[in-house]
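# Architecture at a glance
For reference, the chains in residue letters:
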Amino acid sequence: MLDWTTIGKKINKKEVFEMSHIDDLKKLTESYPFAQIFSILYLEALAKNKHISFDEALEKHAYKVSDRAQLYKLINCLLYTSDAADEEDSVDLGGRRII
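Moving on: the overall build of the protein. From N to C terminus, the protein includes five helices and two strands. Listing every helix and strand of the protein by position from the N terminus yields α-α-α-α-α-β-β. Taken across its 99 residues, the protein has 34% of its residues classed as buried. Counting only contacts in the protein whose residues sit at least 6 apart along the sequence, the fraction spanning at least 24 positions is 41%. Carbon and sulfur atoms make up 52% of the accessible area of the protein, which totals about 6600 Å².

Rendered as structure tokens:
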């Protein structure tokens with residue numbers, strides 16, 4: 001279970017949450033539906049961990065994120081710039097890498 005100290009440290013260090021924290025982040029988005037930070041952290045964790053439910057969660061949480069630059073980053077940057085930059089089986093498409 002995530003505690004407030006861990007959440008604060010990860011936000012300050014701009015660390016992405018691990019796969020084991022996804023369920024806790026989902027519960028936080030449900031407990032605090034008007035706090036966009038939890039939706040952003042949840043979506044970032046799903047994207048970085050290449051979770052299968054990212055698209056579904058994005059549709060559900062996009063309206064909660066008022067900063068459209070954050071959404072753009074989630075959709076275009078996180079999904080295409082993970083570890084693919086070092087992999088040989090990725091394709092470069094104008095600055096974005098597709099696995």
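There is more to say after this.
All right, on to the nonpolar core then. Ranked by internal contacts, the top residues of the largest apolar core, which has 21 residues, are Phe17 and Leu25. Among the elements of the structure, helix H2 (22-31), helix H3 (36-48), helix H4 (54-61) and helix H5 (68-78) are those that each provide at least two residues to this core. In terms of residue count, the dominant contributor to this core is H3 (eight residues).

Another point: the packing of aromatic side chains. The full count for this structure, using the stated rule, is three aromatic pairs. With a centroid separation of 6.0 Å and an interplanar angle of 50°, the aromatic rings of Trp4 and Phe38 are classed as tilted. Residue Trp4 is located in helix H1 (residues 4-13), and its partner Phe38 is located in helix H3; the two are separated by 34 residues in the primary sequence. With centroids separated by 5.7 Å and ring planes inclined at 40°, the aromatic side chains of Tyr32 and Phe38 adopt a geometry described as tilted.

Look at Lys50: it is not a glycine, yet its phi comes out positive at around 55°. Secondary-structure assignment places Lys50 in the loop between H3 and H4.

All right, on to the confidence of the model for the protein then. A residue-level look at the protein finds 77% of positions with pLDDT of 70 or above and a mean pLDDT of 80. When the elements of the protein are averaged for pLDDT, strand S2 (residues 96-98) gives the smallest value, 46, and H2 the largest, 94. Contacts from residues 90-99, a stretch scored under 50 in pLDDT, to residues over four places away or in other chains number 21 contacts.

About the criteria used
- Residues numbered from 1 in each chain as written.
- Predicted model: local features only at pLDDT ≥ 70, side-chain atom pairs only at ≥ 80, totals over all residues.
- Heavy atoms only, no water.
- Helix = DSSP H or I, 4+ residues; strand = E, 2+ residues; numbered from the N terminus.
- Buried < 20%, exposed > 50% of the residue type's maximum accessible area, 1.4 Å probe, protein only.
- Contact = heavy atoms within 4.5 Å.
- Areas by Shrake-Rupley, 256 points an atom, 1.4 Å probe, with all protein chains shown as cover.
- Core = buried A, V, L, I, M, F, W, Y, C linked by side-chain atoms within 4.5 Å.
- Phe/Tyr/Trp six-rings, centres within 6.5 Å; stacked < 30°, edge-to-face > 60°.
- pLDDT = per-residue confidence, 0-100.

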